[in-house]
Amino acid sequence: MRPLELEMCGFTSFRESTVVDFSDADLFAFVGPTGSGKSSVIDAITFALYGSVVRYEDKRVVAPVISQGKIECRVRLDFAVDQQRYTVVRVVRRQKSGLGATTKEARLEQWQSYEQHEPSTVMAGDADSVTAAVEQLVGLTFGHFTKCVVLPQGDFARFLHDKPRDRQDTLVSLLDLGVYELMASLARSRVSAAQMRSQSIDDQIKQLGSVGQDDRQALNKRIASLETLRISIEDQRTSMFKVRSEFDTHKSALNAAESRLATLKKASQPGDLESLLTELKAQSEGRSSVEQAVQSAQEGLENLEGQLRDSSSRQELNQMLSLWREMQEQTAVVGRGQKALKEAQDVAGKAAKEIETAQGARDRAVAALDLVVLENRAHALLEGLQEGAECPVCRQVVNSVPEFRAVPDLDAARKEAKAADLVLTKSVSEGQQSDQRAAQVAGKLAAIEEHLERLKERLSRLPEATVLNERLDAVTKLEQAIESARKALISARKDRETVEQRFAKAAQRETDAWHQFNTIRDSLTASGLPVPPVDRHDLALAWSALGDWAREAMAEQEQRMQEAIGQGLVVKQRYEEMAREQLESCRANGLAVTSEFALATGLAMELPHFADPRDACVDALAQARAELARLDDVLATRTALVEESKALATTQELAGMLARHLGAKGFEKWLLDEALDLLVSGATEVLGQLTNHQYSLALDAKSGNFMVVDHRNADEVRSARTLSGGETFLASLALALALADRIAELATKGSARLDAVFLDEGFGSLDAETLDTVAAAIEELGAAGRIVGLVSHVREIADRVPVRFEVIKGPLSSRIERIDV
């Protein structure tokens, strides 16, 4: 399994959508501060594939993967297995109660092409089926994946310290050795099935009994005898068929005569025929009378309607009368208009006089104001004059100062002038309005007078109003007469409809009588009787003629019946004698044939009934042949069962041997020992490089636990649990790399695809020299085509990988930046 692209949204510290592109990254490291979400990226890969995270105690709980404050999270992983590309998606949503979460969506798709140029195929559509499909594709369960591919914090040394039995289970899954256990189980199942089938075969052979060839020969002899008897009976039956055919001929003649006689008895005239003919005549006469009444009413209505069409229409007369009424109305309007015009002109004349009066008053007030102003100026000049001084107006010396007089009131003169001006303005405005009103009235009156002249001109060519009213009264009387004529026509038509219904009923009765006549006559003709022709124009005469002929034909048919009965009884006796002879022949040949003769006499002429000896012979022959077939089946079944029993013995022996060889202590143990030897050898080689050949790995033959050999301490062998933390990390790393590198050599189908390793701890416990050695080993592993992902706080490790994913912790969500060195 090689990761190609990872997308997270709402997953742990990655609240916002974050995409990690693993393309062209065989060796990379996730670096960043504590709590930024480095390990969460590895958790997201594991969760996308298996729906679980190793750090959580209960692997079924999915709520912790959702970011705080988020409702749901989504994880998508594109990965490749054997050059085939897949996409797995899981969506988890919190429950409304807030106490947990469920997997809302889970989907596994296979791409049609590696670059996705075609639609993908959905391989699984729910959480459980997606997990099962991933286990099948990758070849690892969740537990094995977290031991051999994703090595999370705290679990890096789990495979190193596992109990031998747990380690063996892991290897069995990785190598797909379960197929051998399945083969052994199937082999044991075959042994058990063969034993049960052998016992069943023995019981079946016992149930078949001791049937032999002698029984078969006796049955063949019995079949030959019955076949000879069957041929003899069929030869005898030919004569009996001829006699039966002759009897059937006489019986058919009897049945035909009986049928004709029954039909002839129906050929009698109906009892109500005379009343029907009387009713039909009366309705026909009534029909002519009402038809004449309808025609007369129709003609009267058409005559009145013609008169109405020749006269002036009501609409035209009303239109002309409306013109006379309009002239009267317009004449009255003109009179009122002339009166209104005179009144408006009088008002306008009065207003003109008031304007003239106001104009004179204003002129006098203005002249008086001018005098008062002059007087006030002279008084003001006089106040400044002094005798002997120069006059400011004429520049002459003032000899004497005139006497002062009372000064007129200037404000009062001004108020009078202003009041006179307001009266003039009001008078002018009222005069203008009076003139406009008079002009409007004059204009309207002129228009009405012009319209009245045109109306008089038009009426001069029309009749007088009295003439028009007389014509209108005549039209009204015609319309009333037409309405009465229509009602009379409707009444006449209803009478005709009633008479027509009565006539139709009588005609239908006549038709039914003819139909009855034709039916009886056709049935007589169909029976082969020579029915005479009839007059189709007279129903009574037709029935009378048919009845007379039927009475003569009935006597003839009764005679034919008696002749057919006599001849049939003679043939019947011959048939009975032949039947008795055939039954006796069958009994003589060993068939238990019974007979039941029922002699029939009278008109119900029938042949005797008896058990057909041929049927008894055929039944006995069929039973003998069926018994022979059953005997042959028994003999063939017993032979087949014996052969099957021999084959089952061989199968039981081979399957038992295979089950013993494929047991857990057989071939599987040998493969596991080989795998552990290869694993220890590969891990020792890597551990030697990492520890400068101080340590190598070994297996304790008794306990099956991993041991370490300390070459700097006289090759002391001790438990791997005695290693320090840093040494344990190196040993676990060596074991994980060897597991990823060597395990596919012994897998049954290259089962587990360990194309990637993710390391999530331990580098901080290494010294500088060892750290450099580990980094070199990891670089070499990445160069070999396998993906190696690291999660580390150690900068020296991160700086040596070609691709770094910087995990940056933000205030709300972490984000990832890829840096290609």
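Treat the numbers as computed from the prediction; the structure is a model and nothing was measured.

## A closer look at the environment of Ala368
So, step 1. Looking at the element boundaries, Ala368 is found in helix H9 (residues 314-382).
So, step 2. A sequence separation of 42 residues divides Ala368 from Leu410, and the C-alpha atoms of the two residues are 9.9 Å apart.

## As for the sheet that holds strand S10 (residues 706-710)
Hydrogen bonds between backbone atoms are what pair the strands of a sheet, whose relative direction is either parallel or antiparallel.
So, step 1. Strands sit in the order S9-S10-S11 across an open sheet of three strands; the sheet is antiparallel. Since the sheet does not close on itself, it has two edges, and those belong to strand S9 (695-699) and strand S11 (716-719), each with one partner. Neighbour-to-neighbour, the strand axes of the sheet open up by a mean angle of 35 degrees, direction not taken into account.
So, step 2. Sheet analysis places S10 next to S11, joined by four bridges and oriented antiparallel. The residue of S11 that forms the bridge with Asp710 is Glu716.

## A short note on the packing of H9 against helix H10 (residues 410-459)
So, step 1. One way to put it is that H9 packs onto H10 with a least axis distance of 6 Å and a crossing angle of 165 degrees. Here H9 lies roughly antiparallel to H10, going by the angle between them. H9 and H10 meet at a crossing whose hand is left-handed.
So, step 2. Grouping the amino acids of the contact of H9 with H10 by side-chain chemistry returns 33 nonpolar, eleven polar and twelve charged.

## Details of the confidence of the model for the protein
So, step 1. Overall, the predicted model of the protein reaches an average pLDDT of 78, with 84% of residues at or above 70.
So, step 2. Mean pLDDT across the elements of the protein bottoms out in strand S8 (residues 150-151) (66) and peaks in strand S2 (residues 18-21) (94).
So, step 3. The low-confidence segment residues 597-603, where pLDDT is below 50, has 19 contacts with residues more than four positions distant or belonging to other chains.

## Remarks on the sheet that holds strand S6 (residues 101-110)
So, step 1. Read across the sheet, six strands follow the order S2-S1-S4-S5-S6-S7 without closing on themselves; strand pairing throughout is antiparallel. Of all strands in the sheet, those with a lone pairing partner are S2 and strand S7 (121-124), marking the two edges. On average, each strand axis in the sheet is inclined to that of its neighbour by 20 degrees, with strand direction left out of account.
So, step 2. Examined bridge by bridge, strand S5 (residues 84-94) and S6 share nine bridges and lie antiparallel to one another. Along S6, the bridge assignment pairs Arg94 with Ala101.
So, step 3. Taken strand by strand, helix H2 (residues 127-138) contacts strand S4 (72-81), S5, S6 and S7, and its axis lies near 40 degrees from that of S6.

Procedures and definitions
- Sequence order sets the numbering: in each chain, residues are counted from 1 along the sequence as written.
- Under the rules for a predicted model, residues below a pLDDT of 70 receive no local features and side-chain atom pairs below 80 are neither given nor counted, while totals for whole chains, interfaces and linings still include all residues.
- Excluded from the side-chain calculation are hydrogens and water; included are all heavy atoms of the structure.
- The secondary structure listing takes helices from DSSP runs of H or I that are at least 4 residues long and strands from runs of E that are at least 2 residues long, numbered from the N terminus.
- Strand pairing is assigned whenever DSSP identifies at least 2 bridges connecting the two strands.
- Every angle, taken between N-to-C directions, lies between 0 and 180 degrees, and every axis is a line fitted to C-alpha atoms, over only the stretch in contact when it is a helix.
- Comment on the angle field: the value is read as roughly parallel under 35 degrees, roughly antiparallel over 145, roughly perpendicular from 65 to 115, and oblique elsewhere.
- Handedness of a helix crossing follows the sense of rotation of the near helix relative to the far helix, less than a right angle counterclockwise being left-handed and clockwise being right-handed.
- For this classification, the nonpolar set comprises Ala, Val, Leu, Ile, Met, Phe, Trp, Tyr, Cys and Pro, the charged set comprises Asp, Glu, Lys and Arg, and every other residue, Gly included, is treated as polar.
- pLDDT gives the predictor's per-residue confidence on a scale running from 0 to 100.
- By the convention used here, residues are in contact when the closest approach between their heavy atoms is within 4.5 Å.

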